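So you can see what is in the structure, the chains are spelled out below.
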Amino acid sequence: MGRVLAAEWMKLRRTWVMWLTLLGPVAMVFCQVVNYGLRAEYLLPRGWNGEQGLFFWVFALLPLTLMVGSMLTSAVAAGHEHDSDGWKQLLALPLPRFVWVVGKAVWLMMLLLFAGGLTVLCIGGFGLVAGLPAPVPWADLTRLVFWPLIATLPFLALQLWLSLVRRNQALPVTVGGVGALLGPYLAFRRDLHLHWWIWSWPNHAYPFTEGAAQWVGISLIVFPLIIVAASVHVSLREFR
């Protein structure tokens with residue numbers, strides 16, 4: 001597995017995945033710069049976690065940003081294999097196919113975690129520069145970012161699955177984009193069965209609301225199950 005991860009990293013370095021990983025934190029901070037730049041007198045007194053404080057505005061964009069980023073990185077990582085006919089080379093190696101699926105999933109998860117850590121640092125720094133009271137509530141800020149991030153992992157696994165089995169990435173991107181846009185609608189409808197669609201889970205994972213922790217726990221269980229299902233499907237699929 002170590003050699004597979006090293007090989008996957010060498011391939012990912014030749015794609016736009018790293019730039020896409022950095023784009024999420026940059027976009028989050030840019031939106032807050034515009035938001036506070038236009039309404040600083042109104043927003044600054046609300047502090048970090050007050051009503052319509054910085055945490056509120058960060059979370060308003062965070063689930064969408066995480067899901068769009070997961071969709072794009074999955075499409076790029078899998079599309080590189082399809083475009084270069086890399087599957088023919090991988091399948092010729094004396095390794096089970098599921099190892100390559102797990103390797104891609106691990107790297108995409110690590111990149112998502114890296115983006116989350118960078119987002120925490122950037123938002124904390126922005127708050128201090130903007131004039132919010134010190135010290136930065138790092139523990140709450142970390143939960144604010146990483147709980148929705150963990151709740152996004154099943155979505156990431158599903159997108160990787162679709163991207164691996166479809167040579168044309170139009171369908172995976174469409175499914176991911178529509179799901180990301182419908183996430184808030186699914187999460188805040190009164191129909192409780194809609195809450196169990198994975199596209200709504202990042203929107204449920206606001207750490208300062210009741211019941212948010214259960215979606216984080218469910219995501220940690222469902223994520224490896226989807227990866228196992230994707231690995232089995234890819235192992236049985238014929239690639240041309």
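Just above sits the structure.
The present account deals with the structure reproduced in this document. Computed from a predicted structure; not experimentally measured.

### Here we look at the overall build of the chain
A tally of regular secondary structure across the chain gives nine helices and zero strands. Overall, the chain shows an N-to-C arrangement of helices and strands of α-α-α-α-α-α-α-α-α. By the compact-globule yardstick of 18 Å for 240 residues, the chain fits well, its C-alpha radius of gyration being 19 Å. With the C-alpha coordinates of the chain rotated into their principal frame, the extents come out at 60 × 40 × 30 Å. The buried share of the chain, taken over its 240 residues, is 48%.

### Quick notes on helix H2 (residues 17-43)
Taking 1.5 Å of rise per residue, the 27 residues of H2 would be expected to cover 39 Å, yet its terminal C-alpha atoms sit only 34 Å apart, more than 12% below that figure. Buried residues of H2: Val17, Thr21, Gly24, Pro25, Met28, Val29, Gln32, Asn35, Tyr36 and Leu43, and no others.

### Some words on unusual backbone geometry
A negative phi angle characterises most non-glycine residues, just as the trans form characterises most peptide bonds. Here Ala134 and Pro135 are connected by a cis peptide whose omega angle stands at 0°. If you trace the backbone, Pro135 turns up in the loop between helix H5 (97-130) and helix H6 (138-165). Although it is not a glycine, Gln52 sits at a positive phi angle of roughly 55°. By the secondary structure assignment, Gln52 is in the loop between H2 and helix H3 (54-83).

### Quick word on the state of the cysteines
Scanning the model with the defined rule gives zero disulfides in all. Among the cysteines around Cys31, which has no disulfide bond, Cys122 carries the closest sulfur, lying 13 Å off. Judged by relative accessible area, Cys31 falls into the partly exposed class, the value being 32%. Since its relative accessible area comes to 29%, Cys122 is described here as partly exposed.

### Digging into the side chain of Ser74
In this fold, Ser74 is placed in helix H3. With a relative accessible area of 0%, Ser74 lands in the buried category. Beyond its immediate stretch of four places on either side in the chain, Ser74 contacts Leu108, Leu156, Gln159, Leu160 and Ser163.

### A few points about the pattern of salt bridges
Within the structure shown, the criterion is met by one salt bridge. Between Arg143 and Asp140 there is a salt bridge, with the nearest N and O atoms lying 3.1 Å from each other. In this pair, Arg143 and Asp140 both sit in helix H6, three residues apart, roughly one turn of the helix. Owing to a relative accessible area of 29%, Arg143 belongs among the partly exposed residues under this scheme. The class of Asp140 is partly exposed, set by a relative accessible area of 27%.

### So, the packing of H6 against helix H9 (residues 212-236)
Angle between the axes and distance between the axes: these two values describe a pair of packed helices. Contact geometry of H6 with H9 gives a least axis separation of 7 Å together with a crossing angle of 15°. When the interaxial angle is binned, H6 and H9 end up roughly parallel. The way H6 lies across H9 gives a crossing that is left-handed. Grouping the constituent residues of the contact of H6 with H9 by class yields 21 nonpolar, two polar and no charged.

### Quick word on the nonpolar core
Formed by 61 residues in total, the largest nonpolar core has its most connected members in Leu54, Leu141, Leu144 and Trp201. When residues of this core are traced back to their parent elements, those giving at least two are H2, H3, H5, H6, helix H7 (170-188) and H9. No other element matches H6, which puts 15 residues into this core. Contacts of Trp201, omitting those with residues within four sequence positions, involve Ala151, Pro154, His195, Trp196, Trp215, Ile218, Ser219 and Val222.

### Thoughts on a nonpolar patch on the surface
A contiguous nonpolar patch, built from Phe30, Val34 and Leu38 and spanning about 330 Å² of accessible area, is present on the exposed surface. With respect to the helices and strands, Leu38 occurs in helix H2. Judged by its relative accessible area of 70%, Leu38 is exposed.

### Some thoughts on the packing of aromatic side chains
Counted under the stated rule, the structure contains nine aromatic pairs. Both rings, one in Trp201 and one in Trp215, keep their centres 6.0 Å apart while their planes meet at 40°; by these two values the pair is tilted. Here Trp215 lies in helix H9 and Trp201 lies in helix H8 (residues 201-204), a separation of 14 residues in the sequence. Residue Trp201 is classed as buried on the basis of its relative accessible area of 3%. Over the ring of Tyr42 we find Arg46; its NZ or CZ atom is 3.9 Å from the centre of that ring. In this structure, Arg143 packs its charged tip against the face of Trp147, placed 5.5 Å from the ring centre.

The rules behind the values
Residues numbered from 1 in each chain as written. Predicted model: local features only at pLDDT ≥ 70, side-chain atom pairs only at ≥ 80, totals over all residues. Heavy atoms only, no water. Helix = DSSP H or I, 4+ residues; strand = E, 2+ residues; numbered from the N terminus. Rg over C-alpha atoms; globule rule 2.2 N^0.38 Å. Buried < 20%, exposed > 50% of the residue type's maximum accessible area, 1.4 Å probe, protein only. Expected span 1.5 Å × (residues − 1). Disulfide = S-S within 2.5 Å. Contact = heavy atoms within 4.5 Å. Salt bridge = Lys/Arg side-chain N within 4 Å of Asp/Glu carboxyl O. Axes fitted to C-alpha atoms, helices over the stretch in contact; angles between N-to-C directions. Parallel < 35°, antiparallel > 145°, perpendicular 65-115°, else oblique. Left-handed = near helix turned anticlockwise from the far one by under 90°. Nonpolar A, V, L, I, M, F, W, Y, C, P; charged D, E, K, R; others polar. Core = buried A, V, L, I, M, F, W, Y, C linked by side-chain atoms within 4.5 Å. Patch = residues over 30% accessible without salt bridge, like charges linked within 9 Å, V, L, I, M, F, W, Y side chains within 5 Å. Areas by Shrake-Rupley, 256 points an atom, 1.4 Å probe, with all protein chains shown as cover. Phe/Tyr/Trp six-rings, centres within 6.5 Å; stacked < 30°, edge-to-face > 60°. Lys NZ or Arg CZ within 6 Å of the ring centre and 35° of its normal.

Shape descriptors only; they carry no functional weight alone.
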